[in-house]
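Inside the fold
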Amino acid sequence: MPAPRRSLASPVVSGVLCPCGSPRGTDGTGPAPGPAPGACGRALCEASEQDRRLRALFQKLDVNRDGALCIHDLAVGLGRLGLHRTELDLLKIVKAGDKDLDGQLDFEEFVHYLQDHEKKLRLVFKSLDKKNDGRIDAQEIVQSLRDLGVKISEQQAEKILKSMDKNGTMTIDWNEWRDYHLLHPVENIPEIILYWKHSTIFDVGENLTVPDEFTVEERQTGMWWRHLVAGGGAGAVSRTCTAPLDRLKVLMQVHASRSNNMCIIGGFTQMIREGGLRSLWRGNGINVLKIAPESAIKFMAYEQIKRFIGTDQEMLRIHERLLAGSLAGAIAQSSIYPMEVLKTRMALRKTGQYSGLLDCAKTILQKEGMAAFYKGYIPNMLGIIPYAGIDLAVYETLKNAWLQRYAVNSADPGVFVLLACGTISSTCGQLASYPLALVRTRMQAQASVEGAPEVTMRGLFRHILKTEGAFGLYRGLAPNFMKVIPAVSISYVVYENLKMSLGVQSR
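So, here is what we can say about the structure in this document. Here the structure is a predicted model, which means the values were calculated and not measured.

What follows covers the packing of helix H3 (residues 71-80) against helix H4 (residues 87-97). Running from N to C, H3 and H4 point in directions that differ by 120 degrees, and their axes come no closer than 9 Å. Taken together, the axes of H3 and H4 lie oblique to each other. Taken as a pair, H3 and H4 cross one another with a handedness that is right-handed. Counting all contacts with H3, which are made through Ile71, Leu74, Ala75 and Leu78, the residues of H4 involved are Glu87, Leu90, Leu91, Ile93 and Val94.

What follows is the structure, given as structure tokens:
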């Protein structure tokens, strides 16, 4: 067995709750019942002794002796005890425990923070302890991260273990885990989920992405619905800001051809000449209205499908997420698909053609029947798998690459990395499913004429390839890609601001 190594965290926290190092309980994850004496033979587990030791630790950290811990006190005090934390880490500790919002921790707040943080750490420890033996080994770390789509080698997992393992056994028990993390705000696994939310934050106009996972804490505290509301509001602002580009894309998808080569400037000029500046936002109203029902149905369907899959894991593996997300997307799209058809018809309408959304729906129903509201349904459903699959695969690949190379003290990638990963993955997803999206839009736009042959997906594909070539399947791609970066940026900024307004704790 390797020689025991001394943890830097050990002298700070080991003595706080049970300094004798006696077992906390039979399962190694909690205190033994009753005030039994420790292994050293002294009754150091009594509540009064624990209080004395907490006060001793508090006094060591209280550098300026004013009875409260500020960020400076923690930085100097922890540094003297061999624990070096970043300013961001220390800010998180103070914010987490500061109940009276005075920017520092008094003794009661400090004790409450340690107790509350220990509960969270226990949850994380149990989620990592797949074998339920009270210890975490390298294989369990690899498996837990793999369940979240984060691939690391066993050697990398062993490096993580070595930083916490005090006795050289290459396994971590509850005491070692708690000692290392109790005065460190990072809670590894949940933070990866928290920092790398993707589909909730970014809205590029196509709601076909796989839904985000929420941590146990977010579900228990009800924060999940606030994230969804913030995401919906961000999507509404983002879609409204990029609506002119979206309408131009639809026009080019339907009307552009070899004989009618529509460019971006020419398209905008044509729209303004025909209906004025306001016409640039035609179809945006229904596009914003469908966000709420689609997001709600998709989230509920995703949660139900996860239960049907019957996995024992709290978090789904990548292939399970893709399956559940694609099925949830199909259910949501099926539920709101008539709104998709209305959006296309409203975007393509001429000035004065319809008095409003209800008039448009009434006219379609009277002239074309109920079936018209499901035109293009099949290519739309088929487009979900390549879009969601490639978007998820690219995003997870970029996320894994960043985590393996740059994640040292936190899983937080920062704004620019998150925006870049979201933009690239969304772009790849759209590129893969674009021909199906174009065929769907053309089918949606086709008004049924009595006696005329019904346009099929296969027939339309053949016609486009024959008359325009493969390039014809990518009409409108330029304005579509032009809106991705502004859409992602706007939705992120609005999401962060709405999240703060709704009381969601900032990262």
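So, about a negative patch on the surface. On the surface, a cluster of negative charge is contributed by Asp100, Asp102, Asp106 and Glu108. With respect to the secondary-structure elements, Asp106 resides in the loop between H4 and helix H5 (107-128).

Next up on the list: the nonpolar core. Ranked by internal contacts, the top residues of the largest apolar core, which has 16 residues, are Leu61, Leu69, Leu74 and Phe110. Mapped by element, the contributors of at least two residues to this core are helix H2 (47-61), H3, H4 and H5. Considering every element that reaches this core, the biggest residue donor is H5, with 5 residues. Apart from residues no more than four positions distant in its own chain, Leu74 is found in contact with Leu61, Leu69, Gly79, Leu90, Ile93 and Val94. Counting residues in hydrophobic clusters, the runner-up holds 14 residues, among them Val124, Ile141, Ala157 and Ile172.

Attention now goes to the pattern of salt bridges. This structure, assessed with the given rule, holds 11 salt bridges. Notably, a salt bridge pairs Lys249 with Asp246, separated by 3.5 Å at the nearest N-O pair. Linking Lys249 with Asp246, this pair stays in helix H12 (residues 243-255), spanning 3 residues, or about one helical turn. Put simply, Glu274 and Arg282 hold a salt bridge, and the shortest N to O gap is 3.0 Å. Assessed through its relative accessible area of 33%, Glu274 is described here as partly exposed. A cluster of three or more residues bridged by salt bridges with shared partners is formed by Asp246, Lys249, Lys343 and Lys483.

Rules used throughout
- The residue count restarts for each chain, going from 1 along the sequence in the order it is written.
- Only residues with pLDDT of at least 70 get local features here, since the model is predicted, and only at 80 or more are side-chain atom pairs given and counted; chain-wide, interface and lining totals rely on the full set of residues.
- Hydrogen atoms and water are omitted, and side-chain values are computed over all heavy atoms in the structure.
- For helices, the fitted axis covers only the stretch in contact; all axes are lines through C-alpha atoms, and the angles between them, taken along N-to-C directions, range from 0 to 180 degrees.
- Put simply, DSSP H or I for four residues or longer makes a helix, DSSP E for two residues or longer makes a strand, and each gets a number counted from the N terminus.
- Throughout, the term roughly parallel applies to angles under 35 degrees, roughly antiparallel to angles over 145, roughly perpendicular to angles from 65 to 115, and oblique to all others.
- It is the rotation of the near helix from the far one that decides the hand of a crossing: anticlockwise by less than a right angle makes it left-handed, clockwise makes it right-handed.
- Note on contacts: a residue pair is in contact if any heavy atoms of the two residues lie within 4.5 Å.
- A patch consists of residues whose relative accessible area exceeds 30% and which take part in no salt bridge; residues with like charges are grouped when within 9 Å of each other, and nonpolar side chains (Val, Leu, Ile, Met, Phe, Trp, Tyr) when within 5 Å.
- Exposure was quantified through the Shrake-Rupley algorithm and a 1.4 Å probe, taking into account, for residues, occlusion by the shown protein chains and nothing else.
- Here, a salt bridge means any Lys or Arg side-chain nitrogen found within 4 Å of an Asp or Glu carboxyl oxygen.
- By the counting scheme adopted, Arg and Lys are positive, Glu and Asp are negative, and His together with the chain ends is not counted.
- Charge placement uses NZ in Lys and CZ in Arg. For Asp and Glu, CG and CD serve respectively.
- Working definition of a nonpolar core: buried Ala, Val, Leu, Ile, Met, Phe, Trp, Tyr and Cys residues. They are joined through side-chain atoms within 4.5 Å.
- Working definition: with a 1.4 Å probe on protein chains only, accessible area under 20% of the residue-type maximum means buried, over 50% means exposed, and in between means partly exposed.

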